[in-house]
Amino acid sequence: MLLDMDLGVLLSSLIPSFQSVYVLVFYFVYLAVAGEILPGKVIRGALLSDGSQLRYRCNGLLALTLLVAILGICAKLGIVSPLVVADRGLELLSATFILCVLVTLALYITGRSSSDKSSSLKPHVSGNLVHDWWFGIQLNPQFLSIDLKFFFVRAGMMGWLLINLSILAKSVQDDSLSQSMILYQIFCALYILDYFVHEEYMTSTWDIIAERLGFMLVFGDLLWIPFTFSIQGWWLLHNNKVELTVPAIVANCLVFVIGYLVFRGANKQKHIFKKNPKTPIWGKPPVVVGGKLLASGYWGIARHCNYLGDLMLALSFSLPCGISSPVPYFYPIYLLILLIWRERRDEVRCAEKYKEIWAEYLRLVPWRILPYVY
Ligand code: NDP
């Protein structure tokens, strides 16, 4: 799409319009209000180094369902166009980018001036402005009692679905709805809905427990997730001539289903193990190293089978686009690089935290992500 546009048109579409600002304001206000007032399971977060635990209200699925219903009704009544995102994608992208910069500058300033000593809010200042702005200063900053880290990742995942739905509406309007688009839409919608069904699992992930909230995370959540994970959808909107054979569709569905089972199974086993280390894994008592690390089930096959499952899912979102262009493969390639990098950082963290227990786990489970390969 970008290659077809001349530079002048491209630049002018990148200038945020008032409408794109209204869309973002509506979206964030809705999420803030819905997050606060809708009912949901309240989950205790990971134990922080000072012994405290944050609480997260996991009502994302209800908030998302309600939002889609409200937007659907408004579209039916002609109050909102379902194409608003598909038609204004670049303006929304640049408005979101500006928002990320402003939010992270505010986080930098408030983080630096904080004298809080708790694990969540204690400022970590290196003195290098760019480093501190990029990686963040505080672990779990809040605004009006909203946990911003949890809020932003939720906004990004929901934004991805909303962008996809608008792309779908556009392809229906253009009479260009293809099998590839339907497959892509179904896989992503299932992935995103599953994320919100299991939203509580997010509370024990690396981003929430270990990463401070700076530009890297805010940009990743608000802009990178919704706008780059939907590249396949944008691409299909402009390239609807992909012919898929029945075996190709079946193979694509298998990659999705197997990827999902591994991804969700591995994350679920770890989550359950953390809650109760005696819960059977695949019907047998778990193999536990040093009383703390799970070494059976998926966690006995490779040390990060959950990453393997996620990579297969990412591939399944791109396969409907065929192999004529590398552009739709941006997401799986990016995820491969990210997860290899992240796995290395997680190993360092776990080696420091678990010491000889971790060394024993490495002996029992030598593979990092894919057995016999890596
Ligand atoms: P993990 O969920 O794998 O969490 C790693 C942590 O789990 C470790 O730091 C350690 O923390 C604990 N742990 C590691 N091994 C064991 C074990 N054997 N037994 C018990 N606990 C263990 O990593 P992430 O948070 O990075 O990822 C979560 C999910 O999010 C993954 O499925 C990943 O694919 C996905 N993801 C997706 C991204 C995307 O862009 N699509 C980006 C990043 C992640 P502790 O100190 O608590 O023991």
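The structure we're discussing is the one just above.
Predicted, not measured: the structure shown is a model, and the values here were computed from it.

Visitor: Help me out: how do you make sense of the site of the ligand in this one?
Guide: In the vicinity of the ligand there are 27 residues, among which W206, Y307, D346, K353 and Y354 approach most closely. At 2.6 Å, a side-chain N or O of Y307 approaches an oxygen atom of the ligand. Between Y354 and the ligand, the recorded distance is 2.3 Å, taken from a side-chain N or O atom to an oxygen atom. Relative to its unbound accessible surface of 930 Å², the ligand loses 91% to contact with the protein. The set of elements that each furnish at least two residues to the shell around the ligand consists of α12 (246-275), β6 (293-294), α14 (305-318) and α15 (330-354). Broken down by element, the residue count for the shell around the ligand peaks at 10 residues, all from α15. Residue composition of the shell around the ligand, grouped by class: 15 nonpolar, 4 polar and 8 charged.

Visitor: Looking at this structure, I do not really get α14. What am I missing?
Guide: Owing to its 3.6 residues per turn, the α-helix aligns residues three or four sequence positions apart on the same side. For α14, with 14 residues, the first-to-last C-alpha span of 20 Å sits near the 20 Å given by 1.5 Å per residue. Burial analysis of α14 places 12 of its 14 residues in the buried class, which makes it a mostly covered element. The complete set of buried residues in α14 reads C305, N306, Y307, L308, G309, D310, L311, L313, A314, S316, F317 and S318. As for α14, its buried residues are in contact with α7 (148-173), α8 (179-197), α11 (231-238), α12, α13 (298-301) and α15.

Visitor: Explain the packing of helix α3 (residues 60-76) against α8 to me, please; I cannot follow it from the model alone.
Guide: How two helices pack is summed up by the angle between their axes together with the distance between the axes. Remark: α3 packs on α8, axes separated minimally by 7 Å, with the N-to-C direction vectors making an angle of 135°. By the angle between their axes, α3 is oblique relative to α8. For the pair formed by α3 and α8, the contact residues are G60, L61 and L64 on the first element and L193, F196 and V197 on the second. In the contact of α3 with α8, the residues fall into 5 nonpolar, 1 polar and no charged.

Visitor: Would you mind going over the packing of aromatic side chains with me for this structure?
Guide: Pairs of aromatic rings are described using the distance from one ring centre to the other and the angle between the two planes. Using the criterion set out here, one finds 31 aromatic pairs in the structure. Here F317 and Y331 contribute two aromatic rings whose centre-to-centre distance is 6.2 Å and whose plane-to-plane angle is 5°, an arrangement assigned as stacked. Linking F317 in helix α14 with Y331 in helix α15, this pair joins segments that are 14 residues apart in sequence. Over the face of the ring belonging to W341 we find R345, whose NZ or CZ atom lies 4.4 Å from the ring centre.

Rules and cut-offs
Residues numbered from 1 in each chain as written. Predicted model: local features only at pLDDT ≥ 70, side-chain atom pairs only at ≥ 80, totals over all residues. Heavy atoms only, no water. Near = heavy atom within 4 Å. Polar contact = N/O pair within 3.5 Å; in protein donor to acceptor, adjacent residues only side chain to side chain. Areas by Shrake-Rupley, 256 points an atom, 1.4 Å probe, with all protein chains shown as cover. Helix = DSSP H or I, 4+ residues; strand = E, 2+ residues; numbered from the N terminus. Nonpolar A, V, L, I, M, F, W, Y, C, P; charged D, E, K, R; others polar. Expected span 1.5 Å × (residues − 1). Buried < 20%, exposed > 50% of the residue type's maximum accessible area, 1.4 Å probe, protein only. Contact = heavy atoms within 4.5 Å. Axes fitted to C-alpha atoms, helices over the stretch in contact; angles between N-to-C directions. Parallel < 35°, antiparallel > 145°, perpendicular 65-115°, else oblique. Phe/Tyr/Trp six-rings, centres within 6.5 Å; stacked < 30°, edge-to-face > 60°. Lys NZ or Arg CZ within 6 Å of the ring centre and 35° of its normal.

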